[in-house]
Amino acid sequence: MPENPIAPAALEEEEKESYMDYNWDQPGSPPGTLRIDEDAQPTTLYLIDYSEHEIMETDLATPEDCIPYLDKVSVSWVDVRGLGSEKVLHSLGKVFTLHPLVLEDVVNVPQRPKIEPYIDQLVLITRMILPDKEGFRTEQVSFILGQYYLLTVQEDIGDCFDVVRRRLQANVGVIRRQQADYLAYVLLDALIDGFFPVLEQYGEQIQQLEDEVLQNPSREIVQQVYQLKRNLLTLRRAIWPLRDAINTLIRDEHPLISAEVRVYLRDCYDHTIQVLDMVETYRELAASLMDVYLSAVSNRMNEVMKTLTIISTIFIPLTFVVGVYGMNFDNSPLNMPELHWYWGYPTVWGFMIILAVGLVYYFWKRGWFENWAQPPKDE
């Protein structure tokens, strides 16, 4: 029987290449598959380990470097920034014993904000809003809470947690006397508070657009209104599921969330309600801007039509007069005798001028020459 020309080692290498070339984004991919974006930032790790009397901050070369701190009674905050290193992310999952589906939700962005309770961990996935020159940018932030640690995973470098880091360094408040669940609450509160500066900026933008729509409606304003509506929809999609997730934390008891922290989470829930109310209000105002724009364009068109109508109305009787006197019938005693008057031509001109002035005065008394933006006078 002839031997197989392909050696077993070659078969393994071929299977490995086929595995690497497989498109994991297609439907039917195995659960727990990680999709690494080509533009993702390299993964870096930063550790803050603290207790009531001491604090330590350091960069971690590998996820395994944080293992000695996880066994201590102190609180360890491991901040992961960037999702571009698949090897580091897999090691992170092993160190923190993350479920493959949890690691998939953390790495494969974007995910809908949600809460996932486990026996010894609590996973919260949400969206963070950061102001920038174009309005704001959004990125996914994942919280993985353990008994003595909190793991946060961010898409990019840069967040809204600097105020929390300064409070930890300066030992301000009670944060260093609390457990990891209180740290999760403080970070979540800072994340929700990040919505308010962006919404204040959009409130000012809506007020400016209202003035521009009334004074100078144009297509550029319509584009700005549509962009504003899309941005507000993005904010709504970020805050609406987060409200439900926080409500779940408050309603359902979990051993990792103390009763004291559950009371603080009510404040976060109130803030999400405030943000959601502001988003809905601004969405209604943005929708009404389109009605104001259409009304302004219609009023401007009515003003143009009114002006043309007044001019046409003034010239219609004048055209009738000159049309009548343009009929130069002169061979019958029934024709117009004023054609032979000495002052006939100046008389017709005077009559037409008086008629035009009389019409202008009549239209002015009725208020038809007033600005279209002002209400007409009562008759």
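Conventions used here
- Residues numbered from 1 in each chain as written.
- Predicted model: local features only at pLDDT ≥ 70, side-chain atom pairs only at ≥ 80, totals over all residues.
- Heavy atoms only, no water.
- Helix = DSSP H or I, 4+ residues; strand = E, 2+ residues; numbered from the N terminus.
- Buried < 20%, exposed > 50% of the residue type's maximum accessible area, 1.4 Å probe, protein only.
- Polar contact = N/O pair within 3.5 Å; in protein donor to acceptor, adjacent residues only side chain to side chain.
- Contact = heavy atoms within 4.5 Å.
- pLDDT = per-residue confidence, 0-100.
- Core = buried A, V, L, I, M, F, W, Y, C linked by side-chain atoms within 4.5 Å.
- Expected span 1.5 Å × (residues − 1).
- Pairing = 2+ DSSP bridges.
- Axes fitted to C-alpha atoms, helices over the stretch in contact; angles between N-to-C directions.
- Phe/Tyr/Trp six-rings, centres within 6.5 Å; stacked < 30°, edge-to-face > 60°.
- Lys NZ or Arg CZ within 6 Å of the ring centre and 35° of its normal.
- Patch = residues over 30% accessible without salt bridge, like charges linked within 9 Å, V, L, I, M, F, W, Y side chains within 5 Å.
- Areas by Shrake-Rupley, 256 points an atom, 1.4 Å probe, with all protein chains shown as cover.
- Salt bridge = Lys/Arg side-chain N within 4 Å of Asp/Glu carboxyl O.
- Parallel < 35°, antiparallel > 145°, perpendicular 65-115°, else oblique.

*Asks:* Break down the side chain of Ser76 for me, with residues and values.
*Replies:* By the secondary structure assignment, Ser76 is in strand 3 (residues 75-81). By relative accessible area, which is 0% here, Ser76 ends up buried. Polar contacts involving the side chain of Ser76 include one to the main-chain carbonyl oxygen of Tyr69, which spans 3.3 Å. If we skip the residues at most four places from it in the chain, Ser76 touches Leu47, Ile48, Asp49, Tyr69, Leu70, Tyr148, Tyr149 and Leu150.

*Asks:* Please set out the environment of Leu92 residue by residue, giving values where relevant.
*Replies:* Relative to the elements of secondary structure, Leu92 occurs in helix 3 (residues 86-95). Sequence separation between Leu92 and Pro63 is 29 residues, and the spatial gap between their C-alpha atoms is 5.4 Å. Filtering out sequence-adjacent residues up to four positions away, Leu92 remains in contact with Leu45, Pro63, Val80, Leu98 and Leu151.

*Asks:* An account of the environment of Asp270 is requested, with residue identities and associated values reported.
*Replies:* Looking at the secondary structure, you find Asp270 in helix 9 (residues 259-325). Measuring from C-alpha to C-alpha, the distance between Asp270 and Ile246 comes to 10.0 Å, with 24 residues separating the pair along the chain.

*Asks:* For the confidence of the model for the protein chain, give the residues involved together with the corresponding values.
*Replies:* When the pLDDT values of the protein chain are averaged, the result is 82; 86% of them are 70 or greater. Low pLDDT, under 50, characterises residues 1-24; the predicted model gives this stretch eight contacts beyond four residues in sequence or across chains. Confidence drops under pLDDT 50 across residues 372-379; counting only partners more than four residues distant or on other chains, this segment forms eight contacts.

*Asks:* How would you summarise the nonpolar core if you had to cite specific residues and measurements?
*Replies:* Nonpolar side chains in soluble globular proteins tend to end up buried together. Phe161, Leu183, Leu191 and Leu235 are the most contacted members of the largest nonpolar core, which has 66 residues in total. Those residues in contact with Leu183, other than ones at most four positions away along the chain, are Tyr50, Val75, Trp77, Leu150, Val164, Leu168 and Ile175. Counting residues in each nonpolar core, the second largest holds 24 residues, with Leu45, Val80, Leu83 and Val95 among its members.

*Asks:* For helix 6 (residues 180-193), give the residues involved together with the corresponding values.
*Replies:* With 14 residues, helix 6 ought to run about 20 Å at 1.5 Å a step, and its terminal C-alpha atoms sit 20 Å apart, in line with that. Helix 6 sits mainly inside the fold: 13 of its 14 residues count as buried.

*Asks:* Residue-level account of the sheet that holds strand 6 (residues 135-145), with values.
*Replies:* Spatially, 2-1-3-7-6-5-4 is the arrangement adopted by the seven strands of the open sheet, whose pairing is mixed. Looking at the sheet topology across the chains shown, the edges are occupied by strand 2 (55-60) and strand 4 (114-117). Across this sheet, the average inter-strand angle for adjacent strands is 20°, counted without regard to direction. With six bridges connecting them, strand 1 (residues 44-50) and strand 2 associate as antiparallel partners. Among the inter-strand pairings, Leu45 is bridged to a residue of strand 2, identified as Leu60. Those strands touched by helix 6 are strand 1, strand 3, strand 5 (122-132), strand 6 and strand 7 (149-154), and its axis lies near 170° from that of strand 6.

*Asks:* I'd like a rundown of the pairing of strand 4, residues and numbers included.
*Replies:* Of the pairings in the sheet, the one linking strand 4 to strand 5 comprises four bridges and is antiparallel in character. Pairing of Pro117 across the sheet is with Leu122, part of strand 5. Linking strand 4 back to strand 5 in an antiparallel pair, the connection comprises four residues.

*Asks:* How would you explain the packing of aromatic side chains if you had to name every residue and give the values?
*Replies:* All told, the structure shown has seven aromatic pairs when counted by the stated rule. An aromatic cluster is built from Trp77, Phe143 and Phe161, whose rings are joined through pairwise contacts. Its end group placed over the ring of Trp240, Arg243 keeps NZ or CZ at 4.6 Å from the ring centre.

*Asks:* Kindly report on the environment of Asp79, identifying the contributing residues and their values.
*Replies:* Within the secondary structure layout, Asp79 lies in strand 3. Side chain to side chain, Asp79 and Arg81 meet in a polar contact 3.0 Å long. Within the structure, the side chain of Asp79 is placed 2.9 Å from the side chain of Gln154, a separation counted as a polar contact.

*Asks:* Quick rundown of a nonpolar patch on the surface? Include the residues and the values.
*Replies:* Among the surface-exposed residues, Met301, Val304, Met305 and Leu308 lie close enough to one another that they form a single nonpolar patch of about 370 Å² accessible area. Overall, the relative accessible area of 44% leaves Met305 in the partly exposed class.

*Asks:* Any chance you could break down the packing of helix 5 (residues 162-170) against helix 6 for me, citing the residues and the numbers?
*Replies:* Their axes nearest at 9 Å, the elements helix 5 and helix 6 cross at an angle of 140°. Looking at the two axes, helix 5 sits oblique to helix 6. The residues of helix 6 that touch helix 5, namely those facing Val164, Arg167 and Leu168, are Leu183, Val186, Leu187 and Ala190.

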